[in-house]
Amino acid sequence: MTSPPVNAETPASTEAPPVSDPLLRIRGLAVDYRTGREWTPAVRGVDLHVEPGEFVSLVGESGSGKTTLIQGALGLLPAAARIRSGSIAYSDVDVTGWNDRRMALVRGNYVGFIPQDPNTSLNPVKRVGQQVIEAVRFNRPRGTPAARYREAALESLRTAGLTDTERVFHQYPHELSGGMKQRALIAIALAGRPRIIVADEPTSALDVTVQKRILDHLVRLRAELGIGILLVTHDLGIALERSDRILVMRRGEIVEEGPVERVVAGATSEYTRRLLDAAPSRHAGRLTADSAVRPQPRPGAVALRAEGLSKTYRLRNRAVLRALDTADLTVREGTTHAIVGESGAGKSTLAGILAGFVAADHGTVHLGERRLTGLPRKRLRELRKDLQFVFQNPFTSLDPRFTVRRLIAEPLRAFGLPAGDRVTELLAAVALDGSYLDRLPSQLSGGQRQRVAIARALALAPRVLILDEAVSALDVSVQAQILRLLVDLQAERGLSYVFVTHDLGVVRLIADDVTVMRSGAVVETGPAEQILTAPRHEYTRQLLDAVPGALV
Amino acid sequence: MTAFASGWARRPVLVVAWLVVLVAIGWAVAPHLFTSYSPFTGDPSASFAPPGAEHWFGTDRLGRDLFARSVYGARTTLTATLLAVLIAFGLGAVVGLIAGFAGGLADTAIMRVVDVFLAIPSLLLAMVVVSVLGYSTNNIALAVGISSIASFARVMRAQVLTVVNQDYVKAAYGLGVGRLGVMTRHVVPNSLSAVIALAALEVGTGVLAVASLGFLGYGAPPPQPEWGLLVAEGRDYVAVHPYASILPGLALAAVVIATHRISTSFRKENHR
Amino acid sequence: MTPVLHYIALKTGRALFVVWAAFTVTFVLLFVLPANPVDLLFDPAELNAIPPEVKAQVADNYGFNEPVVLQYLDRLGHALTGDFGNSVQSGKPVVGAVLDVLPSTLALAAGALALAVLIAFGIALVATATRRAWLRNLVETLPSGAVSVPVFLSGVLMLQIFSFQLGWFPSFGDQGWRSLVLPLVTLAIPVAGPIAQLLVRSFAGEFHSGYVTTSWAKGATRGRIIVGDVLRNAALPALTIAGVTFGNLIAGAVITETVFARKGVGRMTQTAINTLDLPLVAGIVVLVAVSFAVINLAVDLIFPVLDPRLRATLTAGNPG
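Nothing here was measured: the structure is a model prediction, and the numbers come from that model. (Residues numbered from 1 in each chain as written. Chains lettered and ligands numbered in written order. Predicted model: local features only at pLDDT ≥ 70, side-chain atom pairs only at ≥ 80, totals over all residues. Heavy atoms only, no water.)

Engineer: What am I meant to see in the overall build of chain A here?
Structural biologist: Scanning chain A from N- to C-terminus turns up 20 helices and 20 strands. For 552 residues, the compact-globule estimate of 2.2 N^0.38 gives 24 Å, and the C-alpha radius of gyration of chain A, at 26 Å, lies within 12% of that figure. By its C-alpha atoms, chain A is 75 × 50 × 45 Å across when sized along the principal axes. Buried positions account for 55% of the 552 residues belonging to chain A. Here the contacts in chain A between residues at least 6 apart in sequence split such that 71% fall between residues at least 24 apart. A total accessible area of about 22900 Å² is found for chain A, and carbon and sulfur atoms account for 48% of it. In chain A, 71 side chains carry a positive charge and 61 a negative one; their mean positions are 6 Å apart. (Helix = DSSP H or I, 4+ residues; strand = E, 2+ residues; numbered from the N terminus. Rg over C-alpha atoms; globule rule 2.2 N^0.38 Å. Buried < 20%, exposed > 50% of the residue type's maximum accessible area, 1.4 Å probe, protein only. Contact = heavy atoms within 4.5 Å. Areas by Shrake-Rupley, 256 points an atom, 1.4 Å probe, with all protein chains shown as cover. Lys, Arg positive; Asp, Glu negative; His and termini not counted. Charge placed at Lys NZ, Arg CZ, Asp CG, Glu CD.)

This is the structure we're talking about:
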């Protein structure tokens, strides 16, 4: 066991940095990953600095190297990675190549870290208080009385914005909500009294309203404690709304850097401009189809109607969960009806019932004139020709052993229809050429997989498509392409969409009608225009308020 | 082809493992190609010869060549193991598939029965079964096979349950594929890979179980060469003539270690 | 009924069912399936020489002439009072005969288990804590080696090296702790293998989990992370293979006791099977199943105490 780090040994106090020194300065950092016997660069010579009291955001899509960069800064690179060149300095103390023992004196003490997923980032078998106390103890001089640790830990939890700190102190992580866990992790990051906090996508696992509160709090901490913040995010909206300065990263390089106003006014890099354009909040209204004139839906014609749907689940501990409470829904023919809500709103349960995957306890669903609920399996199968479903995650919804050809032909085969040319035709409809026919899902990118999933859903020429968070797992730029594809397909084929999402920004781009849900019940329903600009319900207003990037 | 060759060159241990298994299979299929001695008749005047150029593993009390007995013993032991694994794999996979796919009452009933068989250690169960059936190598195979059905069933069921809850299975139902189609086209192929890795592992464990029962004397009667029995025969003279017991035992251990290594490589392929 | 009581009742019920079913399976295997169970009681070589009246008499003594259902109920009734009949060979009550040799096996099994757990944790800790890749690779191959070497071979090797060559320990028999050392090590090796395999995997998994990153970021050192965070979370899964471990102990004990000619339940099982001492075999199988059920029940009841998440699903609504 090493002795607890003593303050006098930390760079913070030995160097007594002059005000001009940046809290963190990274120069020419290059990091490689081992793949087989070769080294592949993940970060290629990045410069970055954070000044005292500054809020800096590092923006990038998946695979941009942003996470590797901050792992490098914290000395937390996995074993398969190595720093090829460059330096990392905290307040002008060069820590490049420091081993774990020496880095332990810097971590917590000088730099605090807020991880991405609060659900896996706390030790499940230790009480929260204990975990905060550790963070205090590791970073205070030895010999501090135990009671002081406890006091400091409670103080830290309060600073992180938790109210009932005594109670949280004695609870286990699983007894807290996602937002509270993230606050506990902020408390842990603050416990060592760091001068800079690095946050890796701290809110991407949280609901928008919770996200807003956490980000508000980080901004407040910066102001109150005068610490520097380095926020890593994929969401340009968040970065623009919250930071003083942003850096955009792509393929291991910084492609854009500057104060927010400058970037918004005129991004120098082509990539940043594309990102800005792709951001849903950038668009005032619904996307319009390129290819064809949108067929005017027959006024009053209803594609899908749900009435009084309810569903309760019995949990293992015999408690009862009301997943859905007398929900109604009407989808007009040829239009997109978005269902929005945060986690636990019941929107996925509703989608599952509409698709016939889940049986409702009460209520009915009609597809056109035909009743869908309570049908035996065989009759339900017949309705599948008219009603199809696209899943959230294209990485799990395609059988890994099937080629693209087999995947798209599967529904045709199931109904004894000829496949052949139809498969190529469908693939072309989602803008993929014949060269993809014999590939396996593992050989496709996320966006390509989702295109294949859409082609498969269209194979039987359905009239209604249920899309369950169908673009949520994709990067913003890919998301924009898929949304455009959906809009075009709708125009060409007169499809009706039920579009389930947690992202109000996306709703703006695609929806004609919107239904807002919370805790299994419908809060508000109406035309998109009215819901998004003049919501009647307080909760809808909160949701809209929480959407980042409203400034853009 | 070059990628294939370099792939193997990067894993020398795996190459050795495959070689060991292939040689063992060669011993079982065509023992006469590997030794010119008879496993049954020896030269009594040359009893207890130490290992050397003449007799690689030495000779036993009756002057029989122990290398020849080990080579011929591979047939008895490996055939019994193969039979055992086929029984366990075939029945276990079917039972596990039914339990996992049907769910509900059928699942509960099957799994309670599986619990019971798991409660009796498999060596003990095999001993009881073989005592009822009578001593012979075939019955050992049957006993080892029966006593491993439960663990195969459990792995298969767990795997089926994982696959059944995957989005792509739900998607197949949503596309209008029937239950039978979903089972044969999605569930079975995607579940089998894990069970096949277990089967490879079970070959090693099966060799051990067959040889253990042979060692305890429940297998082929003495003049027959069988790996477990060879160790048991040599054990009586271990103080003066240790090779008689240890060298056949090491051959056996090498085969088991090799199958474990191969099974691990299967598992890693699956995870990719 | 409170959820906790419900959980305990469910698990206890399941344990009782396993014991009852194991008894039934054994009964079917030994007394129903064989066409003439009475034949199994005689030496096959002398079977033809035995006069039919004697066979009939013996069959009558063992109740083989009664209807199967009556035989079953009779045996079940007696078993419930702890009476598994008398051993054919010794004529002594089965339970007494087993209890006579049980202490010797318990000493062997308990010692081997303790040693195996120590070895397994040692391997997992070294594999996790070391920064030297070659050492980690070497240590990680040990478990699969341990499960691959047949117990009878390692036993014979132990005898050859430590008893005959070096003369450190006695080779056979039952002479105090010195004669326990070799069998104990022999038995510990195959038992340690699967535990070590599991621990190496779960240590590695936990070591790369999110909360460990949090701990690094707190400023914790490698040692603190392994002891304070990884150990408890990684050790929990080892309890789930308690049943497998128990099976390995029993199977290993049969062979170890045979190789070292120690008295014990394992060797008694082997002789009972060799001599087709059916009541003794049945008694031993049921007793083993009882031990298995008790161990699994203990694990089921201990688990919620060690894992607060599981505890929470039991005590719905009032956490803490």
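Engineer: Can you help me understand unusual backbone geometry in this one?
Structural biologist: If a residue is not glycine, its phi is most likely negative; likewise, a peptide bond is most likely trans. Residue and element names in this part refer to chain A. In this structure, Ala431 is a non-glycine residue whose phi angle is positive, near 65 degrees. Tracing the chain through its elements places Ala431 in the loop between helix H15 (421-429) and helix H16 (446-458). A positive phi angle, near 50 degrees, is found at Glu469, a position not held by glycine. Take Glu469: it is sitting in the loop between strand E17 (464-468) and helix H17 (476-493).

Engineer: Honestly, the environment of A:Arg101 in this entry has me stumped. Any pointers?
Structural biologist: All names here are of chain A. By secondary structure assignment, the location of Arg101 is in helix H3 (residues 100-106). Of the residues examined, Arg101 reaches a relative accessible area of 54% and is grouped as exposed. Residues Arg101 and Ala153 lie 52 residues apart in sequence; the distance between their C-alpha atoms is 24 Å.

Engineer: Help me understand the pairing of strand E6 (residues 111-114) of chain A, please; the structure alone is not making it clear to me.
Structural biologist: Strand residues, when the strand is regular, have side chains that alternate between the two faces of the sheet. Residue and element names in this part refer to chain A. Because side chains alternate across E6, one face comprises the buried residues Val111 and Phe113, and the other comprises Gly112 and Ile114, equally buried. With four bridges joining them, E6 and strand E7 (residues 196-200) adopt parallel strand pairing. What sits directly across from Phe113, in E7, is Val198. (Pairing = 2+ DSSP bridges.)

Engineer: How do you make sense of the domain arrangement of chain A when you look at a structure like this?
Structural biologist: Accessible area lost during the coming together of the parts is what is often quoted as the interface size. In terms of domain boundaries, chain A breaks down into domain 1 (23-110 + 194-279), domain 2 (117-193) and domain 3 (322-546). For domain 2 of chain A and domain 3 of chain A, the distance between their C-alpha centroids amounts to 41 Å. (Domains from an automatic or database assignment.)

Engineer: Just to check I follow, could you spell out the UniProt feature "transmembrane region" (unreviewed entry) in chain B for this structure?
Structural biologist: Residue and element names in this part refer to chain B. According to UniProt, the "transmembrane region" (unreviewed entry) feature falls on residues 12-30, 82-106, 113-134, 140-156, 192-218 and 238-258. As annotated, residues 12-30 comprises 95% helix and 0% strand, and the C-alpha atoms at either end are separated by 26 Å. Its end C-alpha atoms 24 Å apart, residues 140-156 is made of 100% helix and 0% strand. (UniProt positions renumbered as here; feature names shortened; annotations may be inferred.)

Engineer: Where do I start with the confidence of the model for chain A in this structure?
Structural biologist: The predicted coordinates should not be examined in detail at positions where pLDDT is low. Here chain A averages 86 in pLDDT, while 92% of its residues score no lower than 70. Across residues 1-18 of chain A the pLDDT falls below 50, and counting only partners more than four positions away or on other chains, this stretch makes 34 contacts in the model. (pLDDT = per-residue confidence, 0-100.)

Engineer: Honestly, the interface of chain A and chain B in this entry has me stumped. Any pointers?
Structural biologist: Taken together, the contact between chain A and chain B spans 24 residues of the former and 19 residues of the latter. Among the residues chain A hides against chain B, the three largest losses belong to A:Phe391, A:Arg401 and A:Glu410. Together they make up 26% of the total. For the pair chain A and chain B, the interface holds zero salt bridges. Contributions of two or more residues to the side of chain A that touches chain B are made by helix H13 (377-383), strand E16 (387-390) and helix H14 (404-414) of chain A. Per element, the largest residue contribution to the side of chain A that touches chain B is five residues, and it comes from H14(A). (Buried area = accessible area lost by both parts, 1.4 Å probe. Salt bridge = Lys/Arg side-chain N within 4 Å of Asp/Glu carboxyl O.)

Engineer: Just checking my understanding: could you explain the sheet that holds strand E5 (residues 93-94) of chain A for this structure?
Structural biologist: The strands making up a sheet associate through backbone hydrogen bonding, with each pair oriented either parallel or antiparallel. Residue and element names in this part refer to chain A. With antiparallel pairing, four strands are arranged side by side in an open sheet as E2-E1-E4-E5. The sheet is open, and its two borders are formed by strand E2 (38-50) and E5, each paired with just one other strand. Sheet topology note: the strand E1 (residues 24-35)/E2 ladder contains ten bridges and is antiparallel. Paired with Leu24 across the strands is Val50, a residue of E2.

Engineer: How should the interface of chain B and chain C be read in this particular structure?
Structural biologist: The interface is formed by 38 residues belonging to chain B together with 38 residues belonging to chain C. Carbon and sulfur atoms supply 81% of the area that chain B and chain C bury against each other, a total of about 3500 Å² over both sides. On inspection of chain B and its partner chain C, the count reaches zero salt bridges. Counting across the interface, chain B meets chain C through four residue pairs in polar contact (both at pLDDT 80 or more). For the side of chain B that touches chain C, the secondary structure elements donating two or more residues are helix H4 (104-119), helix H5 (122-133), helix H8 (179-216), helix H9 (227-235) and helix H10 (243-271) of chain B. In terms of residues, the side of chain B that touches chain C owes the most to one element, H10(B), which gives nine residues. Looking at the side of chain B that touches chain C residue by residue, the classes come out as 29 nonpolar, six polar and three charged. (Polar contact = N/O pair within 3.5 Å; in protein donor to acceptor, adjacent residues only side chain to side chain. Nonpolar A, V, L, I, M, F, W, Y, C, P; charged D, E, K, R; others polar.)

Engineer: What is the right way to look at the UniProt feature "domain: ABC transmembrane type-1" (unreviewed entry) in chain B in this model?
Structural biologist: Sites flagged by UniProt as "domain: ABC transmembrane type-1" (unreviewed entry) map to residues 74-263 of chain B. A distance of 20 Å separates the end C-alpha atoms of residues 74-263 of chain B, which is 85% helix and 0% strand.

Engineer: I would appreciate a short explanation of the side chain of B:Glu226 in the present structure.
Structural biologist: All names here are of chain B. In this structure, Glu226 sits in the loop between H8 and H9. Here Glu226 is buried and forms no salt bridge, its nearest opposite-charge partner Arg69 lying at an N-O distance of 9.1 Å. Of note is the side chain of Glu226, whose polar atom sits 3.0 Å from the side chain of Thr77. Once residues within four sequence positions are removed from consideration, Glu226 is found in contact with Gly73, Thr76, Thr77, Val210, Ala211 and Gly214.

Engineer: Sorry, what's going on with the nonpolar core here?
Structural biologist: Most often, soluble globular proteins keep nonpolar side chains buried together rather than apart. Counting 96 residues, the largest nonpolar core has B:Met127, B:Leu213, B:Phe215, B:Trp227, C:Leu30 and C:Phe152 as the members making the most contacts within it. Here this core gets ten residues from one element, more than from any other, and that element is helix H13 (residues 278-306) of chain C. B:Met127 has contacts with B:Leu213, B:Leu216, B:Tyr218, C:Val254, C:Thr269, C:Gln270 and C:Ile273, leaving out every residue within four places of it along the chain. Membership of the second largest hydrophobic core comes to 67 residues, among which are C:Val139, C:Ala192, C:Tyr211 and C:Ile226. (Core = buried A, V, L, I, M, F, W, Y, C linked by side-chain atoms within 4.5 Å.)

Engineer: Sorry if this is basic, but what is going on with helix H7 (residues 151-165) of chain C here?
Structural biologist: Structural remark: α-helix, 3.6 residues per turn; residues separated by three or four positions point the same way. All names here are of chain C. Its 15 residues give H7 an end-to-end C-alpha distance of 20 Å, which sits within 8% of 21 Å, the value for a rise of 1.5 Å per residue. Within H7, the full set of buried residues consists of Val151, Phe152, Leu153, Ser154, Gly155, Val156, Met158, Leu159, Gln160 and Ser163. Among the residues trailing H7, Gly167 stands out with phi positive, at a value near 70 degrees. (Expected span 1.5 Å × (residues − 1).)

Engineer: Can you help me understand the pattern of salt bridges in this one?
Structural biologist: Side-chain pairs of opposite charge can arise where the charged atoms are in close proximity. Residues and elements named next belong to chain A. Across all of its chains, the model carries 32 salt bridges over all chains by this definition. Arg273 is the partner of Glu270 in a salt bridge, and the nearest nitrogen-oxygen pair spans 3.8 Å. Placement of both Glu270 and Arg273 in helix H11 (residues 270-278) is noted, with a separation of three residues, approximately one turn of the helix. On the basis of relative accessible area, Glu270 is assigned to the partly exposed category, the value being 49%. Put simply, Arg463 and Glu333 hold a salt bridge, and the shortest N to O gap is 3.9 Å. With a gap of 130 residues between them, Arg463 in the loop between H16 and E17 and Glu333 in the loop between strand E12 (320-332) and strand E13 (336-340) connect regions that are remote in the sequence. With relative accessibility at 39%, the residue Arg463 sits in the partly exposed group. Judged by relative accessible area, Glu333 falls into the buried class, the value being 18%.

Engineer: How do you make sense of the side chain of C:Ser148 when you look at a structure like this?
Structural biologist: Mapped onto the fold, C:Ser148 is located in helix H6 (residues 133-148). Of the residues examined, C:Ser148 reaches a relative accessible area of 0% and is grouped as buried. At 3.3 Å, the side chain of C:Ser148 forms a polar contact with the side chain of B:His260. Reaching out from C:Ser148, the side chain makes a polar contact with the backbone oxygen of C:Ser144 at a distance of 2.6 Å. Each residue touching C:Ser148, except ones within four places of it in the same chain, is listed here: B:Leu208, B:Ala253, B:Val256, B:Ile257 and B:His260.

Engineer: Explain the pairing of E13(A) to me, please; I cannot follow it from the model alone.
Structural biologist: Residue and element names in this part refer to chain A. Burial analysis of E13 places five of its five residues in the buried class, which makes it a mostly covered element. Because side chains alternate across E13, one face comprises the buried residues Thr336, Ala338 and Val340, and the other comprises His337 and Ile339, equally buried. Judged from the five bridges that link them, E13 and strand E18 (residues 496-501) form a sheet pairing that is parallel. Looking across to E18, one finds that Ile339 is bridged to Val500. Note that E13 and strand E19 (residues 513-518) share four bridges and pair parallel. Bridge assignment links His337 to a residue of E19, and that residue is Asp513.

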